[in-house]
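Structure assessment
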Amino acid sequence: MFNELFDLGRRLAQEGKLPPPGFYYYTEPIKWVIHFDPDKPDQSTIRQAEITHLPRPYSGRTSGTQAFPLTDEAAYVLGIDHGKGKGKNTAKKHAEFLKLLDKIATVDSPISHIATGIKDLIKSGDLKSSPKWGNIDSKDWVSIQIEGPGGDGKQLFEHSAIREFWIKELAELCLPEKKEGESKIKPIGECGISGRVDNPLVGRIPLPVKLHKPAPIHSLNADAYVSGMEGSGVFKRCHVGQSIEAGDLIARTLNYLGKQPLHHKLLAKAIEAGKLNTDSPQNLFAFYWIEQPEEAKAVVSINPADILSKASLLFGEGENEEDNAEAKKGKSNAKLPVELSQLEALLNTPWTVQHQALRLDENAFCLLMLSPNKGRISVREWFKVGLGRLKGNLKEFLDAQRIESPDGGSQRSFAIQDMLRALEEANISLPEYKQPKELANPNMTRALLRCAYLGEAPPSGLIEPAVICFRHPKVLRRYEQKNDRERFALLQHQLAAIMKLTLTHPKSEVRMNGDDHISLESRSSAFLSGCLLAVLEEAQLASMNWKINTTLIDQFYSTAATTPSSVLGMLISRVTAQHMPKLRKNMRGKYEKLEILLESIQSKINNLGGFPRTLTLKQQAEFSLGFYTQRAAFRRERPTKTTQQPTGQTITEQGTIS
């Protein structure tokens, strides 16, 4: 993983997309610039500025007095002790800055004499005569710019010699910790990231990676994170065996990816008591990119950015979930939910020319999933998959879950986040106001990601909450009270997709028999029993001209879905005696159709050994899918109905959703 990030970082650095090694962007601007002419130091001036776009040296300084080369706060550079930040070790800070100038002057570089000249200028006090001197606060950032023949209009800390000096200085600052009275350890070894041998190794990487908030990509808290060590107290020694150049490059790379919507998405938030817990490992951040060796770039015939943007649609709504939640409430100005049809369209187009198809896997999709973990970062998932395999795996994942809507409308698939949110409805033991508003199940998310992108079997834990939630009275009542039929229909659609995924995915451990499809031709007696229950309900509804509030489903679904033999025979007798005669008299066509359907399904069930006594969890999912698909088939044939929601939104649907 580190090696892949290292290669990506080198590529981004060559493209000029990363700050220099040891440098980072600050939010505070550089407010003052000293214009220094080495030939005429007495004519040097200090002017006000507002520079925000330049990366500056970074050491992770918080409360210490470590100075930065040729740019820092005014307390460091000029020893100013007034205004904002005054009275905080100003003398020591200024001494550290001058000491750093001495160190730069001793290095054999083109700016050694300039560092000496700047120190002389500062110590001379000539700058105090500037009319702006009194306006400079201790916390204001100050930089230095060369004027005269050697000036190039750039800040001096941008000079390549200063960058080389700073990364070496940083390596010294980040050596493994020492005990009281001991000299610093300077381990030399092989960098576990870059593979360079005889490389100075460091004990920490100062640049943090920003998730919800900055955290280091290493740990000083546990021996479990140590891979390279020396002496006792190993967790305070060299742990990961990394050089400052390699570790810093990875941190800069992750921070770059974290700012790019094309390469980054927040998958799950840890919401506790209505508040975001930014330190919880329940938060999941995905970083993804496409690795393309130079010799294989020409193999891919479509834009890799299109692959990234479409493949990431499967994650879900990401950081736009609030807008999408508004969309679900029917607000006209809200954004629309994730549309997976864009991904499906991409998967149905060739990604390369025919004679290059076997080389497509030389290009790879990489995904890294990180979580904050109380002051450090945990790696939750990492994988790399060739684009050829990725395309096939994504297609299998979408095909396995694609199913029609409850009203018999068009088929669709769902993003991982949508599926997991639907499963959260299974938390029926908690009152609604105590239920989590955001899904935070990293293990299930991780398993679904591996299923979608690597083609692994769907997690077996999906099927139980989906079956429980599908027709649970508490869930039904929740939506009836809200009079939110549209959301309930969507929930049923998502749960049916989850059950279909677990039953029909090629790698599923609970897959239906052989080449079975989700249809009436299935050889599953549980599936057919579900279909039969839907036919009986249709007969009851049709005989009452669809003017009935409580159907046999409300009374017998739970029993039929677990022990079909105990109730289906009785229901057939009741419907045959009470409702079919009415249909034969008033709706002859409907009667004949339902009669044929009843006989056909019962015949198939008899051929399979009759009604099953009790259903396993997998069979209950088959029963639910049989009921769902047969019900959807009936509703597809009903006339379109338009209703007005409490939100004011007009909804057009097929038939009636009970």
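Cut-off values and rules
Residues numbered from 1 in each chain as written. Predicted model: local features only at pLDDT ≥ 70, side-chain atom pairs only at ≥ 80, totals over all residues. Heavy atoms only, no water. Helix = DSSP H or I, 4+ residues; strand = E, 2+ residues; numbered from the N terminus. Buried < 20%, exposed > 50% of the residue type's maximum accessible area, 1.4 Å probe, protein only. Areas by Shrake-Rupley, 256 points an atom, 1.4 Å probe, with all protein chains shown as cover. Pairing = 2+ DSSP bridges. Axes fitted to C-alpha atoms, helices over the stretch in contact; angles between N-to-C directions. Phe/Tyr/Trp six-rings, centres within 6.5 Å; stacked < 30°, edge-to-face > 60°. Lys NZ or Arg CZ within 6 Å of the ring centre and 35° of its normal. Parallel < 35°, antiparallel > 145°, perpendicular 65-115°, else oblique. Left-handed = near helix turned anticlockwise from the far one by under 90°. Contact = heavy atoms within 4.5 Å. Nonpolar A, V, L, I, M, F, W, Y, C, P; charged D, E, K, R; others polar.

1. Description of the overall build of the protein
If you tally the helices and strands in the protein, you get 21 helices and 20 strands. Across the 658 residues of the protein, 52% fall into the buried class. Carbon and sulfur atoms provide 48% of the accessible area of the protein, an area that totals close to 30400 Å².

2. A closer look at the sheet that holds strand 3 (residues 45–51)
Taking strand neighbours across the sheet as the criterion, the 4 strands line up as 3-2-6-5 in an open arrangement whose pairing is mixed. Two strands lie at the open edges of the sheet, namely strand 3 and strand 5 (71–73), each paired on one side alone. Averaged over neighbouring strand pairs, the angle between their axes works out to 30° when direction is ignored. In terms of strand pairing, strand 2 (residues 30–36) meets strand 6 (residues 141–146) through 6 bridges, oriented parallel. Among the inter-strand pairings, W32 is bridged to a residue of strand 6, identified as V142.

3. Quick notes on the packing of aromatic side chains
Using the criterion set out here, one finds 15 aromatic pairs in the structure. Relative to Y453, the ring of F315 lies with its centre 5.7 Å away and its plane at 45°, an arrangement referred to as tilted. With F315 in the loop between helix 7 (304–311) and helix 8 (321–328) and Y453 in helix 12 (residues 442–454), this pair connects stretches of sequence that are 138 residues apart. In terms of burial, F315 and Y453 fall into one category: buried. Of the aromatic side chains, those joined through ring pairs into one cluster are Y24, Y26, Y58, F68, W141 and W166. Against the face of W141 rests R56, its NZ or CZ located 4.7 Å from the ring centre. Geometry around F23 places R163 over its ring, the cationic atom sitting 5.9 Å from the centre.

4. Considerations on the packing of helix 13 (residues 463–470) against helix 21 (residues 617–636)
At a minimum axis distance of 10 Å, the contact between helix 13 and helix 21 shows a crossing angle of 45°. One element, helix 13, and the other, helix 21, form an angle in the oblique class. In the packing of helix 13 onto helix 21, the handedness of the crossing is left-handed. Along the contact surface, helix 13 presents I463, E464, V467 and F470, while helix 21 presents L617, K618, Q620, A621, S624, F627 and Y628. When its residues are assigned to classes, the contact of helix 13 with helix 21 shows 7 nonpolar, 2 polar and 2 charged.

5. As for the sheet that holds strand 14 (residues 284–291)
The antiparallel open sheet is built from 4 strands, whose spatial order is 11-14-15-16. Of all the strands in the sheet, just strand 11 (264–268) and strand 16 (377–386) have a single pairing partner and so form its edges. Between one strand and the next, the sheet's axes are offset by a mean angle of 20°, whatever the strand orientation. Running at roughly 155° to strand 14, helix 7 makes contact with strand 14 and strand 15 (364–372) of the sheet.

6. A word on helix 13
The α-helix winds at 3.6 residues per turn, so residues separated by three or four positions along the chain end up facing the same way. Of all 8 residues making up helix 13, 6 are buried, and the element is well covered by its neighbours. When we look at burial in helix 13, the residues that qualify are I463, P465, A466, V467, C469 and F470.

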